[in-house]
Amino acid sequence: GGGGSQPRLVKTIEHYTFADGEDVVSIYVNFETDLWPGASNYISEPNVKVDCKASSLDVWLDSVPVSPQNLQHLAVWRLSLSPLFSRVEPSLLEVKFRSKKLTLRLTKVKAGPWKKVLKS
């Protein structure tokens, strides 16, 4: 290839939802409502990268347009959750990709309720 590649724009995913269970917590990113309407058309499973550590979760959605008005301008959409409310077991992370939604299921090291996802 020729020329240097442009540094990718990184956009922050500001919205997500979560469901708390006794020993697991699920985090959902809905591409249509948490990014922008129509975004799911531009996201497929190979675009998704997830890095889970004991007290943090990072998600990258690569090569997704910044907005419906700027479809040719691609960005990396990033969700960074750190520090998590309590420690999780990275090896037990479950990632489910559906056409419009990404589900991340974290197993808690210590069972018990999470009032929120992040420790304040």
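Structural data are supplied above this passage.
Remember, predicted model here, so these are calculated numbers, not experimental data.

### Focus on the pattern of salt bridges
Right, so step 1: One pass over the structure, following the stated rule, counts four salt bridges.
Right, so step 2: The salt bridge involving Asp-20 is made with Lys-108; its shortest N-O contact spans 2.7 Å. Taken together, the residues Asp-20 in strand 2 (residues 17–20) and Lys-108 in the segment after strand 8 (101–107) connect sequence positions 88 residues apart.
Right, so step 3: Put simply, Asp-51 and Lys-53 hold a salt bridge, and the shortest N to O gap is 2.7 Å.
Right, so step 4: According to the relative accessible area criterion, Asp-51 is partly exposed, its value standing at 27%.

### Brief notes about the side chain of Asn-47
Right, so step 1: Its place among the elements puts Asn-47 in the loop between helix 1 (31–35) and strand 4 (48–53).
Right, so step 2: Aside from chain neighbours lying at most four places away, what touches Asn-47 is Tyr-42, Trp-60, Leu-61, Asp-62 and Ser-63.

### Considering the pairing of strand 2
Note on strand geometry: in a regular strand, side chains alternate between the two faces of the sheet.
Right, so step 1: Pairing geometry for strand 2 and strand 3 (residues 24–30), over four bridges, is antiparallel. Residue pairing across strands places Asp-20 opposite Val-25, the latter belonging to strand 3.

### Comments concerning the side chain of Ser-56
Right, so step 1: Relative to the helices and strands, Ser-56 resides in strand 5 (residues 56–65).
Right, so step 2: The residues contacting Ser-56, other than those within four sequence positions of it, are Asp-51, Leu-81, Ser-82 and Leu-84.

### Some words on the sheet that holds strand 4
Right, so step 1: Across the sheet, which stays open at both edges, the four strands sit in the order 1-6-5-4 with mixed pairing between neighbours. Strand pairing shows two members of the sheet lacking a second neighbour, strand 1 (9–12) and strand 4, which therefore form its edges. The average undirected angle you get between the axes of adjacent strands in this sheet is 25°.
Right, so step 2: Pairing of strand 1 with strand 6 (residues 74–81), which is carried by four bridges, proceeds in the parallel orientation. Following the sheet pairing, Leu-9 is matched in strand 6 by Ala-75.

Scoring rules and cut-offs
- Residues numbered from 1 in each chain as written.
- Predicted model: local features only at pLDDT ≥ 70, side-chain atom pairs only at ≥ 80, totals over all residues.
- Heavy atoms only, no water.
- Salt bridge = Lys/Arg side-chain N within 4 Å of Asp/Glu carboxyl O.
- Helix = DSSP H or I, 4+ residues; strand = E, 2+ residues; numbered from the N terminus.
- Buried < 20%, exposed > 50% of the residue type's maximum accessible area, 1.4 Å probe, protein only.
- Contact = heavy atoms within 4.5 Å.
- Pairing = 2+ DSSP bridges.
- Axes fitted to C-alpha atoms, helices over the stretch in contact; angles between N-to-C directions.

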